[in-house]
Amino acid sequence: MSDSRTIYHYGAPYLEQDDIDAVVDVLKSKWLTTGPKVSAFEAKLNEILGCKYSVACSNGSSALYLASKALDFADGDIVIVPSITFLATANAPHMAGAKVVFADVCPKKGIITPETFAGAIDRAEGTVRAVFPVHLNGVPCAMDSIADVANQHNITIVEDACHAIGGGYSIDGSMVGSCAHSSMSTFSFHPVKNLATGEGGGCHNK
Ligand SMILES: Cc1ncc(COP(=O)(O)O)c(C=O)c1O
């Protein structure tokens, strides 16, 4: 019996012959993991983003976890994350020992604003150590104003730029994830994201 249902693929990245050739080259090399292509990828990310340090990760979730561990949370430290995002934005700081407080988001864009961020700081009971703004669906948060609020309270900014590689801020021309307004940034290179490596992620620092 034939099945006439249409199958919609969860992720269908656009791949060209040179992408396939590059994968075949790796498969024929002795380096199936952590080889020279990984260092070349990290160097290219530094070049594109204007960052000093990029670390290739197994996915965006591990990039967020790496950034969270680097913050070395003390007991009771709080991290503010948007109330609309993928679970990993909250799970990563939680797994690294922080308490998570959710900030409201702009009803039209789904991203945090300086006002909703400030509101979450007011509601938080304890030391707010960090905020993880998410550039949801590639829409950049107002990082300069968010940084103004963060600086007033000595709060570290980690950009969850998992949806937004290649994006930029019209306000100063800097790239999303360049750490121009943050201490660290993270990307996901999962097939449903703007740039796919299969599974993959990146954690970046200026
Ligand atoms: C906003 C956001 N952050 C982090 C992640 C985690 O990325 P990954 O699936 O590569 O672990 C995702 C994945 O969908 C995401 O949408």
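Chains are numbered independently. Their residues run from 1 in the order of the written sequence. It should be noted that, the model being predicted, local features are given only for residues of pLDDT at least 70 and side-chain atom pairs only at 80 or more, the latter also being counted only at that level, while totals for whole chains, interfaces and linings use all residues. The side-chain figures draw on all heavy atoms in the structure; neither hydrogens nor water molecules are used.

**Q** Would you mind showing me how to read the overall build of the protein chain here?
**A** For the protein chain, the count of helices and strands is 6 helices and 7 strands. Expected size for 206 residues packed as a compact globule is a radius of gyration near 17 Å; at 18 Å, the protein chain falls within 12% of this value. Taken over the C-alpha atoms alone, the protein chain extends approximately 55 × 50 × 35 Å along its principal axes. When contacts within the protein chain are restricted to residue pairs at least 6 apart in sequence, long-range pairs at least 24 apart make up 61% of them. Only the protein chains shown count as cover for residues, with accessible areas throughout obtained via the Shrake-Rupley method and a probe of 1.4 Å. When the accessible area of the protein chain is evaluated, it comes to approximately 11,700 Å², of which 55% is carbon and sulfur surface. In the protein chain, which carries 14 positive and 21 negative side-chain charges, the distance between the mean positions of the two groups comes to 3 Å. Helical segments are the DSSP runs of H or I of at least four residues, strand segments are the runs of E of at least two, and each set is numbered from the N terminus. Throughout, radius of gyration means the C-alpha value; the globule benchmark is 2.2 Å times the number of residues raised to the power 0.38. The contact rule is simple, with two residues in contact once any of their heavy atoms fall within 4.5 Å. A positive count includes Lys and Arg, and a negative count includes Asp and Glu. His and the chain ends are not counted in either. To locate a charge, take atom NZ for lysine, CZ for arginine, CG for aspartate or CD for glutamate.

**Q** How should I be thinking about the side chain of Ser-188 in this particular structure?
**A** One can find Ser-188 in strand β6 (residues 184–188). With residues up to four places along the chain from it excluded, the contact list for Ser-188 reads Gly-60, Cys-162, Lys-193, Leu-195, Gly-200 and Gly-201.

**Q** Hey, could you run me through the packing of helix α5 (residues 114–123) against helix α6 (residues 143–152) in this one?
**A** To characterise two packed helices, one gives the angle between the axes of the helices and the distance between these axes. Here, axes are lines fitted to C-alpha atoms. For helices the fit covers the stretch in contact, and angles between N-to-C directions go from 0 to 180 degrees. Contact geometry for α5 and α6: axes closest at 9 Å, N-to-C directions at 25 degrees. The angle between α5 and α6 falls in the class roughly parallel. For the crossing formed where α5 meets α6, the hand is right-handed. Between α5 and α6, the contacting residues are Pro-114, Phe-117, Ala-118 and Ile-121 on the first element and Ser-145, Ile-146, Val-149 and Ala-150 on the second. Any residue outside Ala, Val, Leu, Ile, Met, Phe, Trp, Tyr, Cys, Pro, Asp, Glu, Lys and Arg is labelled polar, Gly included; the first ten of those are nonpolar and the last four are charged. Broken down by class, the residue content of the contact of α5 with α6 amounts to 7 nonpolar, 1 polar and no charged. Angles below 35 degrees are treated as roughly parallel, those above 145 as roughly antiparallel, those between 65 and 115 as roughly perpendicular, and all remaining angles as oblique. Here is the rule for handedness: rotate from the far helix to the near one, and if that takes an anticlockwise turn smaller than a right angle the crossing is left-handed, while a clockwise turn gives right-handed.

**Q** Help me understand a negative patch on the surface, please; the structure alone is not making it clear to me.
**A** A contiguous patch of negative charge on the surface is contributed by Glu-16, Asp-18, Asp-19, Asp-21 and Asp-25. With respect to the element layout, Asp-25 can be found in helix α1 (residues 17–28). Each patch is assembled from residues with relative accessible area greater than 30% and no salt bridge, linking like charges that lie within 9 Å and nonpolar side chains (Val, Leu, Ile, Met, Phe, Trp, Tyr) that lie within 5 Å. For this document, the term salt bridge refers to a Lys or Arg side-chain nitrogen within 4 Å of an Asp or Glu carboxyl oxygen.

**Q** Where do I start with a nonpolar patch on the surface in this structure?
**A** Taken together, the side chains of Val-23, Leu-27 and Leu-32 define a hydrophobic patch exposed on the protein surface, amounting to about 320 Å² of accessible area. Turning to its location among the elements, Val-23 is positioned in helix α1.

**Q** I tried to follow the nonpolar core on my own but got confused; where do I start?
**A** Soluble globular proteins tend to pack their nonpolar side chains together in the buried interior. Working definition of a nonpolar core: buried Ala, Val, Leu, Ile, Met, Phe, Trp, Tyr and Cys residues. They are joined through side-chain atoms within 4.5 Å. Partly exposed residues are those whose accessible area sits between 20% and 50% of the maximum for their type, while under 20% is buried and over 50% is exposed, using a 1.4 Å probe and protein chains only. The biggest cluster of nonpolar side chains holds 34 residues, and the ones touching the most others in it are Ile-80, Ile-112, Phe-117, Val-131, Ile-155 and Ile-157. Breaking this core down by element, the ones donating at least two residues are α2 (36–49), β2 (78–82), β3 (99–103), α5, β4 (128–131) and α6. Of the residues forming this core, the biggest block, 5 residues, is contributed by α6. Setting aside anything within four residues of it in sequence, one finds Ile-112 in contact with Pro-82, Ala-103, Asp-104, Val-105, Phe-117, Val-131, Pro-133, Cys-141 and Ile-146. Counting residues in each nonpolar core, the second largest holds 18 residues, with Ala-67, Val-79, Ala-98 and Val-158 among its members.

**Q** What exactly am I supposed to notice about the pattern of salt bridges here?
**A** Think of it this way: side chains of opposite charge can pair up when their charged atoms draw near. Applying the stated criterion across every chain yields a total of 2 salt bridges. Between Glu-47 and Lys-44 there is a salt bridge, with its nearest N and O atoms 3.4 Å apart. Placement of the pair is Glu-47 and Lys-44 together in helix α2, with a separation of 3 residues, close to one helical turn. Judged by its relative accessible area of 43%, Lys-44 falls in the partly exposed class.

**Q** Help me out: how do you make sense of the layout of surface pockets in this one?
**A** Vacant regions in the atomic arrangement are exposed by a probe of water-molecule size rolled over the atoms. Buriedness for pockets is judged along seven lines, at least five of which must meet protein on both sides within 12 Å for an open set on the 1 Å grid over protein atoms alone, while cavities are sets there where a 1.4 Å probe fits but cannot get out, and lining residues have an atom within 4 Å of a point. Grid points are joined across faces, edges and corners, and a volume is the space filled by probe spheres set on the points. A volume near 1,100 Å³ is recorded for the largest pocket. Elements supplying a minimum of two residues to the lining of the largest pocket: α1, α2 and β1 (53–57). It is α1 that contributes the most residues to the lining of the largest pocket, 7 residues altogether. Taken together, the residues of the lining of the largest pocket sort by class into 20 nonpolar, 9 polar and 5 charged. Of the pockets and cavities examined, the second largest pocket occupies roughly 270 Å³. Secondary structure elements with two or more residues in the lining of the second largest pocket: α3 (60–70) and α4 (88–95).

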